[in-house]
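# Understanding the architecture of this molecule
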Amino acid sequence: MTAPDPEHHDAPAVPAPPGADELSSRDRALLALERRSWAGPGAKERAIREELGISPVRYYQLVNALIEDERALRVDPVTVNRLRRVRDAKRGRR
């Protein structure tokens, strides 16, 4: 076993702030909305406006950023992976 190198000083680990590894309630709401099925055209957009209070355009911007977040993948891997597949398929058609 080797002795520690006296020239190498590791900085003390800085603990993450409480809750830093958790998704916000808004992010959880976005994932919950994505898990639901929709009866007809316009139903999802109406739910986005009524339940989240944001425009559908903003909703999709937030969802696209969220599916890149590893925390979201840990919380809801089925939904995040499905959204990633849909996104990648759309990119492949362009």
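First things first, this report covers the structure right here in the doc. (Residues numbered from 1 in each chain as written. Predicted model: local features only at pLDDT ≥ 70, side-chain atom pairs only at ≥ 80, totals over all residues. Heavy atoms only, no water.)

## Section: the overall build of the chain
- Along its length, the chain carries five helices and zero strands.
- The helix and strand sequence of the chain, counted from the amino end, reads α-α-α-α-α.
- Looking at the chain alone, contacts between residues at least 24 apart form 46% of all its contacts between residues at least 6 apart.
- Split by element, the accessible area of the chain, about 7,200 Å² in all, is 55% carbon and sulfur. (Helix = DSSP H or I, 4+ residues; strand = E, 2+ residues; numbered from the N terminus. Contact = heavy atoms within 4.5 Å. Areas by Shrake-Rupley, 256 points an atom, 1.4 Å probe, with all protein chains shown as cover.)

## Thoughts on the nonpolar core
- In terms of nonpolar packing, the biggest core is built from 15 residues, with Leu30, Leu31, Tyr59, Val63, Leu66, Ala72 and Val80 touching the most fellow members.
- Elements with a contribution of two residues or more to this core: helix H1 (25-35), helix H2 (43-52), helix H3 (56-66), helix H4 (70-75) and helix H5 (77-93).
- No other element matches the four residues that H3 contributes to this core.
- The contact partners of Val63, leaving out residues within four places of it in the chain, are Leu30, Glu34 and Leu83. (Core = buried A, V, L, I, M, F, W, Y, C linked by side-chain atoms within 4.5 Å. Buried < 20%, exposed > 50% of the residue type's maximum accessible area, 1.4 Å probe, protein only.)

## Focus on H2
- Within H2, burial applies to Ala43, Lys44, Ala47 and Ile48. What you see down the axis of H2 is that its buried residues fit within an arc of 140°, all on one side. Counted as exposed and oriented over 90 degrees from the buried face of H2: Arg49 and Glu50.
- Contacts from the buried residues of H2 go to H1 and H3.
- Just downstream of H2 lies Gly53, where phi reads positive at about 70°. (Arc of directions from axis to C-beta.)

## Quick word on the environment of Arg82
- Mapped onto the elements of the fold, Arg82 is located in helix H5.
- Sequence-distant contacts of Arg82, defined by excluding residues within four places in its chain, comprise Glu34 and Arg35.

## A closer look at the pattern of salt bridges
- Enumeration according to the criterion identifies nine salt bridges in this entry.
- The salt bridge partner of Arg36 is Glu51, with a shortest N-O separation of 2.8 Å. Placement of the pair is Arg36 in the loop between H1 and H2 and Glu51 in helix H2, with a sequence separation of 15 residues.
- Linked through salt bridges whose partners overlap, the residues forming this network are Glu34, Lys44 and Arg82. (Salt bridge = Lys/Arg side-chain N within 4 Å of Asp/Glu carboxyl O.)

That's the geometry; what it means functionally is another story.
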